[in-house]
Amino acid sequence: MAERSETAVGTTTGGPRADVGRTEQASEATSPLSAEALATELVAEPEAPADADATAAAPAPADAPEAAPKDEPGHEPEDGPKDGPEQPSGAEAEPAHRDDAQPTDARPEGARPKDARADDAQADAQPADARKDTRADKRATDAQPAEETTEETTEAGVETTVAETAGENAPEEASVPAPVRHSGDRIARRYRLEECTTSNEVFSSWRAVDEKLRRAVGIHLIAAAHPRAKGVLAAARQAALLGDPRFVQVLDAVEDGDVVYVVREWLPDATGLDTMLLTEPLEAYEAYQLVRQLADALTAAHRRGLAHLRLSPACVLRTDSGSYRIDGMAVNAALRGIQAEDKADGAQRDTRAIGALLFAALTLRWPYSEGAHGLQGLPRDLGTVPAERVKAGVHRGLSDLTARTLCSPPGGKLTPVTTPEELAKAVAEMPKVRQPEPEPLVLPTYPTTVRNTARRPDPSAPGARTTPPPRRPQTPPAPQPTLPGRSGKALKWAVSLVVLGAIALGSWGTAEALMTHDNSGSTNTQLSQGGQGQGQGHGSSGGQQSGQDNAGRQLKNLPISSDAEFAPFNQPMKPEDAPLAIDGKVGTSWITKYFIGEPKFGNLPDYKDGSGIVVDLGSVQNVSEVKVTLPTGGQTQEILAAPADASGEPTSLSGFTQRISNSALLQGTALDSGVLAKPVRTRYVLIHIISLPSDPSSGGYRGGISEIQVLG
């Protein structure tokens, strides 16, 4: 009877107290208690209600439903003697589901007291919050996933939180410092560091000089052992494949020993948006161009699976032509350990970043309570509001765009915008902002009278002359001598006849020169530059027709061995399409990429020498005429040739020293150099494109070559 009553005590208290009951049962098995002693022990249980809170966190056994009501917080047990004999069924059921319980003599030494077990139970009751903190800490510090920790059996074990576990990974990144470099150091024996623009514990950014190509570049440096190094390399290589001129191009990304470096394009003549916002906000038309170009560019990037994730005013550069270019695509975020949860999160972050830049451009304020990028934030009690509520006179359509990208909800009938593609459509649907009228040109005024700089004597000085200087008498100009009557008229008629004869002879010579070329509708852009040495005699003299040399022999098409795209400073745009220019089909063409801003290949440094097609004749030939068919008019080009003693195909523009035709803007689609006065001996002929025609379908500039014929 005593043993059954003791078992009932463990069932009544529940949770941790049940372990105490089993311990007492095992320890006192050899000395059974009487009913009076059991009642006295039940009355002396003052801490049972306190333990009930901890016990409530643990699930009750499925086969003991009677004990569940007694485990609720605040439940006070009734008199001990009454409960003891009324629990026979629970007492008998208790050992059935606790057969696997650890016996008392097997409990490890130094077991935790009751308060420690209660604290552990309270800590175990919050797994969801701990996991949530882990995800938040991971996004904030970009630490590696924390290893699972086991609960220690000490009183301080409850103080070991998930935040501390995640924080242990932070020193891993700090333990790999940024590579130490100084001005004048060389990277890969090619890039000489000039000026450090950004430096922190993880990476450093430099302005450098590419000594091989003699141009300025930007370089990011990070230790190869740093956890972010692999992500930086992957992001840089993906950004390099983007190939969009609206982004600052990534030129190289290499892991070299203990350092990882990323080389990017450097734009010395571009102005950052952070510099433009130092003094005054942008005009409405300039802000409209900003949001339109950024939305279009990031829409194209997100279609390729790339997100910027750290778009700031310093990353937006304005060129002299008025176009905006985005720097640090995916690389800036990888350097700082910023990652998006998924594609939707990355699209929303970039969209909100565009909205924040538009807000700053319109109001000269940062749209959040805390200022950033040198801009003052908004009052905390104001929240996130449209631009028109911060600055009066803001364009209504642009202010609605800030509300749709930043405010949640945007208010009124406006719908939120969460992706760059939706933002681009919203910009296209709004009325276009009118460009302001240019300021009138004010010419400086100059004095019409010439001041006499000679020193005049002071009239008040003693001995000064007061009489004015004598004036010279003005004599009328002598009349021109006139010719005698009849002789003068005869001379005038003779001079007139000589002038008319000269004009007639000149017209006849011009007509004869034009008839020497093919009259089939082809346009001849050849300009005469006689006397410039061998291979540079231009135009056909002696009345030779197209297709015939100076001796009257019929010219033949020279066989073309191969052709290649001319790209002296960059990778070829479309090398696989180059054979289309010599396949004998006018309907197939080699077409360039489209460029934004300027017809001269967007004024990009990689295309400062233009592009085109190099034709290989297989051996040195006598070239007398070159004919080219273009896919569209409005393209500026010239025809050059390599010297006869060239050892191979020249890789730069300076290697083509012989000129077959001058550069000229061709309105038609057919280019004919005309029969040269002296054939050019060469193996390699370059159709050099200098300027591209406009392409209405893409809004930029694009050209190409359809067919090339070399006659000799």
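Residues numbered from 1 in each chain as written. Predicted model: local features only at pLDDT ≥ 70, side-chain atom pairs only at ≥ 80, totals over all residues. Heavy atoms only, no water.

Examining the overall build of the chain
Thinking step 1. Helix and strand counts for the chain stand at 18 helices and 21 strands.
Thinking step 2. Looking at the 712 residues of the chain, the share that counts as buried comes to 38%.
Thinking step 3. By sequence separation, contacts in the chain at least 24 residues apart represent 69% of the contacts at least 6 residues apart.
Thinking step 4. Accessible area for the chain stands at about 40900 Å²; split by element, carbon and sulfur atoms hold 51% of it. (Helix = DSSP H or I, 4+ residues; strand = E, 2+ residues; numbered from the N terminus. Buried < 20%, exposed > 50% of the residue type's maximum accessible area, 1.4 Å probe, protein only. Contact = heavy atoms within 4.5 Å. Areas by Shrake-Rupley, 256 points an atom, 1.4 Å probe, with all protein chains shown as cover.)

Digging into the sheet that holds strand β17 (residues 680-691)
Thinking step 1. An order of β10-β12-β17-β14-β15 is seen for the five strands of this open sheet, with the pairing classed as antiparallel. One side of each edge strand has no neighbouring strand; the edge strands of this open sheet are β10 (562-566) and β15 (658-666). The average angle at which neighbouring strand axes cross in this sheet is 20°, direction not considered. (Pairing = 2+ DSSP bridges. Axes fitted to C-alpha atoms, helices over the stretch in contact; angles between N-to-C directions.)

Re helix α11 (residues 229-240)
Thinking step 1. Over its 12 residues, α11 extends 17 Å from the first C-alpha to the last, a length consistent with the 16 Å expected when each residue adds 1.5 Å.
Thinking step 2. Of the positions making up α11, those classed as buried are A229, V232, L233, A235, A236 and A239.
Thinking step 3. For α11, the elements touching its buried residues are β4 (215-223), β5 (250-256), β6 (259-265) and α14 (331-335). (Expected span 1.5 Å × (residues − 1).)

Examining the pairing of β17
Thinking step 1. In terms of burial, β17 is a largely internal element, nine of the 12 residues being buried.
Thinking step 2. Alignment of strand β14 (residues 635-641) against β17, held across six bridges, turns out to be antiparallel. Pairing of I639 across the sheet is with I687, part of β17.

Comments concerning helix α13 (residues 284-303)
Thinking step 1. Compared with the 28 Å implied by 1.5 Å per residue over 20 residues, the 29 Å span of α13 between its first and last C-alpha is a close match.
Thinking step 2. Count one or two residues on from α13 and you reach G305, which has phi positive near 85°.

Observations concerning the side chain of E286
Thinking step 1. With respect to the element layout, E286 can be found in helix α13.
Thinking step 2. Among the polar contacts listed, one links the side chain of E286 to the side chain of Y324, at a separation of 2.6 Å.
Thinking step 3. Beyond its immediate stretch of four places on either side in the chain, E286 contacts R318 and Y324. (Polar contact = N/O pair within 3.5 Å; in protein donor to acceptor, adjacent residues only side chain to side chain.)

Some words on the nonpolar core
Thinking step 1. In this structure, L311 and L401 are the most contacted members of the largest nonpolar core, which totals 65 residues.
Thinking step 2. In this structure L401 touches V291, L358, L423, A426, V427 and M430, once residues within four positions along its chain are discounted.
Thinking step 3. L617, I660, L676 and V680 belong to the second largest nonpolar core, which has 30 residues in total. (Core = buried A, V, L, I, M, F, W, Y, C linked by side-chain atoms within 4.5 Å.)

Remarks on the pairing of strand β3 (residues 203-210)
Thinking step 1. Of all eight residues in β3, six are buried, a share of seventy percent or more.
Thinking step 2. Hairpin connection between strand β2 (residues 191-199) and β3: a loop of three residues separates the two successive antiparallel strands.
Thinking step 3. Linking β3 back to β4 in an antiparallel pair, the connection comprises four residues, with R214 at a positive phi of about 55°.

Looking at a nonpolar patch on the surface
Thinking step 1. On the surface, a cluster of nonpolar side chains totalling about 590 Å² of accessible area is made up of L491, V495, L497, V499, L500 and I503.
Thinking step 2. In this structure, I503 sits in helix α18 (residues 485-515). (Patch = residues over 30% accessible without salt bridge, like charges linked within 9 Å, V, L, I, M, F, W, Y side chains within 5 Å. Salt bridge = Lys/Arg side-chain N within 4 Å of Asp/Glu carboxyl O.)

Digging into the sheet that holds strand β13 (residues 625-629)
Thinking step 1. As summarised here, the arrangement of the three strands in space is β16-β13-β21, forming an open sheet in which the pairing is antiparallel. The sheet is open, and its two borders are formed by β16 (670-672) and β21 (707-711), each paired with just one other strand. Pairs of neighbouring strands in the sheet enclose a mean axial angle of 10°, with direction left out of account.
Thinking step 2. Sheet topology note: the β13/β21 ladder contains five bridges and is antiparallel.

Remarks on the environment of P436
Thinking step 1. With respect to the element layout, P436 can be found in the loop between α17 (420-429) and α18.
Thinking step 2. Note on P436: relative accessible area 49%, which makes it partly exposed.

Some details on the side chain of S589
Thinking step 1. With respect to the helices and strands, S589 occurs in the loop between β10 and β11 (590-591).
Thinking step 2. A polar side-chain atom of S589 sits 2.6 Å from a polar atom in the side chain of S706.
Thinking step 3. Apart from residues no more than four positions distant in its own chain, S589 is found in contact with L580, P631, I705 and S706.

With respect to the pattern of salt bridges
Thinking step 1. The final tally for this structure, using the stated rule, is 20 salt bridges.
Thinking step 2. The partner of R349 in a salt bridge is D345, with the nearest N and O atoms 3.2 Å apart. Taken together, the residues R349 and D345, both in helix α15 (residues 343-363) and four residues apart, mark about one turn of the helix.
Thinking step 3. Its relative accessible area of 18% is what places D345 among the buried residues.
Thinking step 4. One network of salt bridges, in which partners are shared, links R186, R192, E194 and E211.

Here we look at the packing of α15 against helix α16 (residues 396-406)
Thinking step 1. As a packed pair, α15 and α16 sit with axes 9 Å apart at the nearest point and diverge in direction by 145°. In the crossing of α15 with α16, the sense of the turn from one axis to the other is left-handed. Of the residues in α16, those touching α15 at T351, R352, G355, A356, L358, F359 and L362 are L398, S399, L401, T402, T405 and L406.
Thinking step 2. In the contact of α15 with α16, the residues fall into seven nonpolar, five polar and one charged. (Left-handed = near helix turned anticlockwise from the far one by under 90°. Nonpolar A, V, L, I, M, F, W, Y, C, P; charged D, E, K, R; others polar.)

Some thoughts on the confidence of the model for the chain
Thinking step 1. Put simply, the chain has an average pLDDT of 73, and 63% of its residues get 70 or more.
Thinking step 2. Element-level pLDDT for the chain is lowest in helix α9 (residues 162-167), with a mean of 34, against a maximum mean of 97 in strand β8 (residues 316-318).
Thinking step 3. With pLDDT under 50 throughout, residues 38-172 is counted as low confidence; its partners more than four residues away or in other chains account for 108 contacts. (pLDDT = per-residue confidence, 0-100.)

Overview of the packing of aromatic side chains
Thinking step 1. On inspection of all chains with the given rule, the structure shows six aromatic pairs.
Thinking step 2. When the centroid spacing of 6.4 Å and the interplanar angle of 65° are considered together, the rings of W366 and Y368 count as edge-to-face.
Thinking step 3. Judged by its relative accessible area of 10%, W366 is buried.
Thinking step 4. Plain terms: the ring middles of F595 and Y607 are 5.2 Å apart, the flat faces sit at 70° to each other, and that makes the pair edge-to-face. Of the two residues, F595 is situated in the loop between β11 and β12 (611-623) and Y607 in the loop between β11 and β12; the sequence distance between them amounts to 12 residues. Here F595 and Y607 have matching classes, each one buried.
Thinking step 5. Following the ring pairs from residue to residue traces out a cluster consisting of F595, F601 and Y607.
Thinking step 6. Residue placement shows K608 over the ring face of F569; its charged tip is 5.0 Å from the ring centre. (Phe/Tyr/Trp six-rings, centres within 6.5 Å; stacked < 30°, edge-to-face > 60°. Lys NZ or Arg CZ within 6 Å of the ring centre and 35° of its normal.)

Quick word on the environment of S694
Thinking step 1. Residue position: S694 is located in strand β18 (residues 694-695).
Thinking step 2. You can call S694 exposed: its relative accessible area is 52%.
Thinking step 3. Apart from the residues lying within four places of it in its own chain, the contact partners of S694 are G700 and Y701.

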